[in-house]
Amino acid sequence: MKKKAVFLDRDGVIIKDWHHDTGNHLTKTSQIEFLQGASQAIQKLNKHFLVILVANQSTVARGLVSLEQAQKLNRFLQTELEKKGARLDAVFFCPHHPDFSGNCDCRKPKKGLFLQADKAFGIDFKKSFLVGDKTSDIAAGKKVGCVTILVQTGYGGKDALKKIKPDFVVADLSKAADSIINSLK
Ligand SMILES: [Mg+2]
Ligand SMILES: [Zn+2]
């Protein structure tokens, strides 16, 4: 049977968007700062869904971190969440950027990261959700047919890349998890 998933963006959804707030890219574990209620929200979602991280991490293409360092940052994030009783079932990230490494199929708003998840788990996209803070997240989620939720943390949809309308707009991941779980009742 195909699985239901909640796809989460990382920066501006689970943790503070370092780039939005400081103008610099996140390259060190010391810059990881969890947003209010994020781990509790993931914990709630864990009971009903696979929780899968889908992140653009162009710091690799930009030469700011190695692929190994980028993976290490995500493993640190996973471990810190585990300490708080929350689980990311998988992490898929795009290390590319068109200006530095050419085009790829995985950088959101493309759907490659979602297809990687489908290959690994078999995803029922129609019963799955995407939570993101950028219109590029929403656009990617729409391409695979997820219900899309924009949060007002991080960029709060103000990346202005696209005129894309999410299915729902909520304050943060905590509220997103509540509305996802309520929709199951
Ligand atoms: Mg983001
Ligand atoms: Zn990519």
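What comes next is a walk through the structure. Here the structure is a predicted model, which is why all the values come from computation and not from measurement. (Residues numbered from 1 in each chain as written. Chains lettered and ligands numbered in written order. Predicted model: local features only at pLDDT ≥ 70, side-chain atom pairs only at ≥ 80, totals over all residues.)

## Regarding the sheet that holds strand β5 (residues 147-151)
Taken together, six strands build an open sheet; the order of strands is β3-β2-β1-β4-β5-β6 and the sheet is parallel. Each of the sheet's edge strands pairs with one partner strand only, and the pair in question is β3 (90-94) and β6 (168-170). Within this sheet the neighbouring strands show an average axis-to-axis angle of 20°, counted without direction. As paired strands, strand β4 (residues 129-132) and β5 are joined by four bridges and run parallel to one another. Residue pairing in the sheet places Val131 in a bridge with Ile149 of β5. Docked against the sheet, helix α7 (residues 173-182) engages β1 (5-8), β4, β5 and β6, running at close to 135° with respect to β6. (Pairing = 2+ DSSP bridges. Helix = DSSP H or I, 4+ residues; strand = E, 2+ residues; numbered from the N terminus. Axes fitted to C-alpha atoms, helices over the stretch in contact; angles between N-to-C directions. Contact = placed C-beta atoms within 7 Å.)

## Brief notes about α7
Every buried residue belonging to α7 is among Leu173, Ala176, Ala177 and Ile180, and all of these are buried. Down the axis of α7, the buried side of the element spans an arc of 100°, and every buried residue falls inside it. Lining the buried residues of α7 we find β1, α2 (38-46), β4, β5 and β6. (Buried ≥ 20, exposed ≤ 12 C-beta atoms within 10 Å, placed from the backbone. Arc of directions from axis to C-beta.)

## Examining the pairing of β5
The buried fraction of β5 is high, at five of five residues. In this region the chain leaves β4, passes through helix α6 (residues 135-144) and returns to the parallel neighbour β5; the handedness of that crossover is right-handed. Relative to β6, β5 is paired through three bridges, and the arrangement is parallel. Its bridge partner being in β6, Val151 is matched across the sheet by Val170. (Right-handed = clockwise from strand over helix to strand, strands pointing away.)

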